[in-house]
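Analysis of the macromolecular model
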Amino acid sequence: MNIKKISLILCVLFISASMFTLHSASVSANTNIKFEDVSTNHQAYEEINYLVNLGVIQGYFVNGKRVFGPNNNVTRGQAAKMVVVASGNKPLVVSKSSFSDVTAGTEMSGYIERAVQLGFFDKNTKGQFLPNKALTRGEMSYVLSKAFNLDTSEYEGVDSPFIDVGITHEYVKYVNTIYYNGITNGTGNKYLPNGTVTRAHFSLFVARAKSEKYRLELPVKGTSVPDTSQVIGLIKVTTDGLNIRKSKDSSSSTNIVGQVNKGGKLAVYAVEGNWLKVTYKGAYAYVFKQYAEFLDADGNELGAVAKEVVTKGAVNLYVKPTSSAKIITTLKANEKLPVYKTVGGYYLTKVNGMPGYIVANSTTDAAAEEKPNPNPNPTPPPATSGDTLGRVTVANLNVRSQSNATSAVLFKLNKGAYVQVHNVNGYWAQISYNGQTGYVHKSYLKLLNQSGNPLKGRVIILDPGHGGKDPGAVVGSVSEKSITLKVGTQVKQMLENAGAKVYMTRTGDTYPSLQDRVDFTQANYGEIFVSIHVNAASSTSASGTETYYAISTGDMYQEDIDLATFVNNQIVNNLNMKNRGVKQQQYYVIRNMAIPSILVELGFLTNSQDRNKMTDDQYVKVFAESIYNGILQYYKKQ
C-alpha cells in the first residue's frame, strides 16, 4: 500500500471520528431542554435545569412550544413522578391499580404505585389517590422527608417556628425537618400547610432536598431558634386558656405571647422553679408548671406505678430510652424510684416531677414496697404437660371442625386465651381448649414451646433487602444488598443452630420482587417475617437504628410491636447505635403479611460511623447476634 492510499484512509477515519463526536455533542445538547416560559433570570431557573438533566421534568408542548407551567399548581400525580425519579427509583408496573382513580398501565400509574409502595405518601381517601388534586404544602413536607430519607427523629414532639403549625399538627415534624434542612423557610412567620405548591416552587424544594448545593442557609439554633436537641421532656396542658409568656413574670399582661387549651402539647427545655421553659412559635417561652402534666417520650401519659426500684450506683436519667439521648440528671446510689413501665432495657421513672429513663439493670427491685401491676398480662398459661402452647393473638378466632376455612365453626376464642397445640400441618394447628378440640389457622397463634429451646421448630422467614439488579443504598463500593445478605445469612445459621426452621427470600445476589417475598413467606408457612435493610439519607449526620411494623387486615400489630422492639433494642444496646425507635409504616412486604412482620434498618450507610460498623466483620456478627437475640426474646415472652 503506498503513502497516498495510507494518507487517504487516515483522512477518512479522522473525518468519520469528527462527525461521530459532533453528532454525540449535538445529541447531548438536545437533552438540555429549554422552556419558553422559564427565562434565565427566573428564581428557579438553575434548579429546574438541574432536574431536567436528571430526567425529573420534561414539561409539555403548547402550540408547538415546550413550556413548563411554573405558576401552575403541582398535582399529587406530578409530585409522585418527580420524587420517584429524583430519588433514583423506577416506576412500578402493576396489572391492577391500587386506586380507583388511577388506570393501571399508564405512565402515571407506575410512578404513583412506586411512590406509595416506598411510603412517600402517607394516606389515600377511600381507595383513591387523587392524582389531579393539588399537592398541599403540608403533604409536601411529608413527601420530601420520606423520599429523600431526611432524619425526622429529633423533631418529634417539638413546636415549629411557624405560627400556623402547632406542636400537635399532623405534619409538624415533617415541616420542622424540611425547615431545619434548608429546604424551605416558609412565608414570613407562616408555613401555610393547607396552601398549594406551584411547579416552580416544588422544583426548588426537590432540588434542595436532592442536592445540598441548592439548600438555603440553615437556621442558626440559639436564642432566636431553640435547639431541639436540648428538649428534656414533653407536657400536656391540663387547663383551657393557659397563658404562654415571654418571661417568668405573671404580673404583666404584655409579655403574654399566646394561649394553649387543655390537651395542647409543648416541648420543655428546663424546669425553673414553678415555671417550665418551653418553645412556642419558634421561640423560648414560659408556662406555669402546675397547669401541665409530663408525658413519656412517645407523648403518652405515664399511667400507674407498676413497682419501685432502688439505684445500685450512680445512674443517668435520660430523655429517651437510649444511652445516646440527652441526660437530664445523674442520680446517686440507693435512691428509690417509681417505675411506670419498661421499654426495652430501660425503666420509665420520674425524678422531681420530671419523667425520664434509667437502665433497668442498674437498679434492684424494692420488693418490700413493690406495688402490683395494675395491667397484668391476659389469662396466664394453664398448667400443661404438652410441649407447645398457643396464645391467641386476635379477637373472636374461629375454631373449626376440620383443617380448612370452609368447615363448621365449633366455637370462638378470645384474644389472649391459651390453647394446647397437638400438631401443626401447614397453616393449620390442631388444638384443644377446655376439653374441646378443633383446628385454627396458626397465623393467629403465637406458638410457645414449653420445653427445650423456645425457637425449636419455629418457622422463621428472613428477608435480606434488595439484591440482583437492585443494589439498594450505595456508597462507594459498598451496597445495601451485600450487607443485608451477609447479616441475614449469619442470623439464619444462629436460628438453625437453635432448632428453628429458617427460610431466606434470597440466598445469593438475586432479585425477588416484593410480591415474590410475600408469596415465598406464605408458601413456606412462615410464622414470623424479618426484613433486613440499611438506611441512607442526604445528610451524613443522620444515623442510628430504626425498626418498622405495619397495621393491616388480620395483622396482630401488638405482636409486631413486641418483635420490633426486642430486635431494635438489641441492636441499639449491643452496638451503641442511636435509637431511632420502633415506628409504624405501611411498607409493602410487612403490610401484606398476616403474621408478625418487621422491617429493620440496621444503620445509615451514608453515615461514616454506622457504615464502619456495617462493613466490619466483627460488628456484622454482632448485628446478626442482636437480631437473633431479639427473635429469641420474642419467643421467650409468654
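Rules used in this analysis
Residues numbered from 1 in each chain as written. Predicted model: local features only at pLDDT ≥ 70, side-chain atom pairs only at ≥ 80, totals over all residues. Heavy atoms only, no water. Helix = DSSP H or I, 4+ residues; strand = E, 2+ residues; numbered from the N terminus. Buried < 20%, exposed > 50% of the residue type's maximum accessible area, 1.4 Å probe, protein only. Contact = heavy atoms within 4.5 Å. Areas by Shrake-Rupley, 256 points an atom, 1.4 Å probe, with all protein chains shown as cover. Core = buried A, V, L, I, M, F, W, Y, C linked by side-chain atoms within 4.5 Å. Expected span 1.5 Å × (residues − 1). Axes fitted to C-alpha atoms, helices over the stretch in contact; angles between N-to-C directions. Parallel < 35°, antiparallel > 145°, perpendicular 65-115°, else oblique. Left-handed = near helix turned anticlockwise from the far one by under 90°. Nonpolar A, V, L, I, M, F, W, Y, C, P; charged D, E, K, R; others polar. Phe/Tyr/Trp six-rings, centres within 6.5 Å; stacked < 30°, edge-to-face > 60°. Lys NZ or Arg CZ within 6 Å of the ring centre and 35° of its normal. Pairing = 2+ DSSP bridges. Salt bridge = Lys/Arg side-chain N within 4 Å of Asp/Glu carboxyl O.

Some points on the overall build of the chain
Summing up its helical and strand segments, the chain has 13 helices and 32 strands in all. When each of the 638 residues of the chain is scored for burial, the buried share is 50%. Counting only contacts in the chain whose residues sit at least 6 apart along the sequence, the fraction spanning at least 24 positions is 69%. Carbon and sulfur atoms make up 49% of the accessible area of the chain, which totals about 29700 Å².

Description of the environment of A473
The topology assignment puts A473 in the loop between β25 (459-464) and β26 (474-475). Take A473: its relative accessible area is 13%, and that puts it in the buried class. Put simply, A473 and T606 are 133 residues apart on the chain and 8.5 Å apart in space, counted from C-alpha to C-alpha. Sequence-distant contacts of A473, defined by excluding residues within four places in its chain, comprise V478, S479, E480, V534, N535, A536 and L605.

Section: the nonpolar core
Counting residues in each nonpolar core, the largest one holds 56 residues, and the members touching the most others are F121, M140, L144, F148 and F202. Of all the elements in the fold, those that place two or more residues in this core are α2 (45-53), α3 (76-86), α4 (107-117), α5 (137-147), α6 (172-180) and α7 (199-210). Of the residues forming this core, the biggest block, seven residues, is contributed by α3. If sequence neighbours within four positions are ignored, L144 has contacts with V83, L150, I178, I183, F202, F205 and V206. Counting residues in each nonpolar core, the second largest holds 40 residues, with A498, A536, L563 and V567 among its members.

Observations regarding helix α8 (residues 480-497)
Structurally, the α-helix is built with 3.6 residues per turn, so residues lying three or four positions apart point the same way. Between its first and last C-alpha, α8 extends 26 Å over 18 residues, near the 26 Å set by a 1.5 Å rise per residue. Taken from the residues just after α8, G499 is the one with a positive phi, measuring 100 degrees.

With respect to the packing of α3 against α7
The contact between α3 and α7 brings their axes to 11 Å, and the two run at 25 degrees. Viewed along their axes, α3 and α7 adopt a mutual orientation that is roughly parallel. At the point where α3 passes α7, the crossing takes the right-handed sense. Only R199, F202, S203, V206 and K210 of α7 make contact with α3, whose side of the interface consists of Q78, A79, M82, V83 and A86. Residue classes in the contact of α3 with α7 are distributed as six nonpolar, two polar and two charged.

Considering the packing of α8 against helix α13 (residues 617-636)
Contact pair α8 / α13: the axes reach a minimum separation of 9 Å and the direction vectors enclose 50 degrees. Relative to α13, α8 is oriented oblique. Between α8 and α13 lies a crossing of right-handed hand. On α13, the residues that touch K486, V487, Q490, V491, M494 and L495 of α8 are D617, V620, K621, F623, A624, E625, I627, Y628 and I631. Partitioning the contact of α8 with α13 into residue classes produces ten nonpolar, one polar and four charged.

Overview of the packing of aromatic side chains
Applying the stated criterion to the full structure yields 16 aromatic pairs. With centroids separated by 5.6 Å and ring planes inclined at 45 degrees, the aromatic side chains of F162 and Y191 adopt a geometry described as tilted. Here F162 is found in the loop between α5 and α6, whereas its partner Y191 is found in the loop between α6 and α7, with 29 residues between them in sequence. No difference in accessibility class separates F162 from Y191, as the two residues are buried. Taken together through their ring pairs, the aromatic side chains of F162, Y179, Y180 and Y191 make up a single cluster. Over the face of the ring belonging to Y284 we find K277, whose NZ or CZ atom lies 4.3 Å from the ring centre.

Things to note about the sheet that holds strand β28 (residues 501-504)
In spatial order, the strands read β28-β25-β29-β32-β30-β31; together these six strands make up an open sheet with mixed pairing. The outermost strands of the open sheet, each flanked by one partner alone, are β28 and β31 (579-584). Within this sheet the neighbouring strands show an average axis-to-axis angle of 20 degrees, counted without direction. As defined by bridge partners, strand β29 (residues 528-535) adjoins strand β32 (residues 597-604) across six bridges and the pair is classed as parallel. If you follow V530 over to β32, its bridge partner there is I598.

Here we look at the sheet that holds strand β10 (residues 307-311)
Overall, antiparallel pairing links the three strands, which are arranged β13-β10-β17 in an open sheet. Looking at strand neighbours, the two that pair on one side only are β13 (336-339) and β17 (363-365), the edges of this open sheet. Looking at each pair of strands side by side, their axes are set apart by 40 degrees on average, direction ignored. By the bridge criterion, three bridges tie β10 to β17 in an arrangement that is antiparallel. Looking across to β17, one finds that T311 is bridged to T363.

Some remarks on the pairing of strand β21 (residues 418-425)
Looking at chain direction, strand β18 (residues 388-392) and β21 are connected through three bridges and run antiparallel. Considered in β21, the bridge of L389 is made with Q420. Relative to strand β22 (residues 428-433), β21 runs antiparallel, the two being bridged by five bridges. Counted as the bridge partner of Q420 is S432 from β22.

Focus: the pairing of β10
Regular strands show a simple pattern: their side chains alternate between the two faces of the sheet. Burial analysis of β10 places five of its five residues in the buried class, which makes it a mostly covered element. In terms of strand pairing, β10 meets β13 through four bridges, oriented antiparallel. By the bridge assignment, K307 is partnered in β13 with V339.

Description of unusual backbone geometry
With phi around 50 degrees, N149 is a residue other than glycine that occupies positive phi space. By the element assignment, N149 lies in the loop between α5 and α6. Judged by its relative accessible area of 34%, N149 falls in the partly exposed class. Located in the positive-phi region is Y525, a residue other than glycine, with phi close to 55 degrees. One can find Y525 in the loop between α9 (514-523) and β29. The class for Y525 is partly exposed, based on a relative accessible area of 39%.

Focus: the pattern of salt bridges
Pairing between side chains of opposite charge can happen when their charged atoms approach one another. Scanning all chains against the criterion turns up 18 salt bridges. Where K307 meets D365, a salt bridge forms, and the shortest distance between an N and an O atom there is 3.0 Å. Of this pair, K307 sits in strand β10 while D365 sits in strand β17, and the two are 58 residues apart along the sequence. Among the residues examined, D365 registers a relative accessible area of 39% and is labelled partly exposed. One salt-bridge network, in which partners are shared between bridges, spans D151, E546, K578, R580 and K583.

Any functional reading would require information that these geometric values do not contain.
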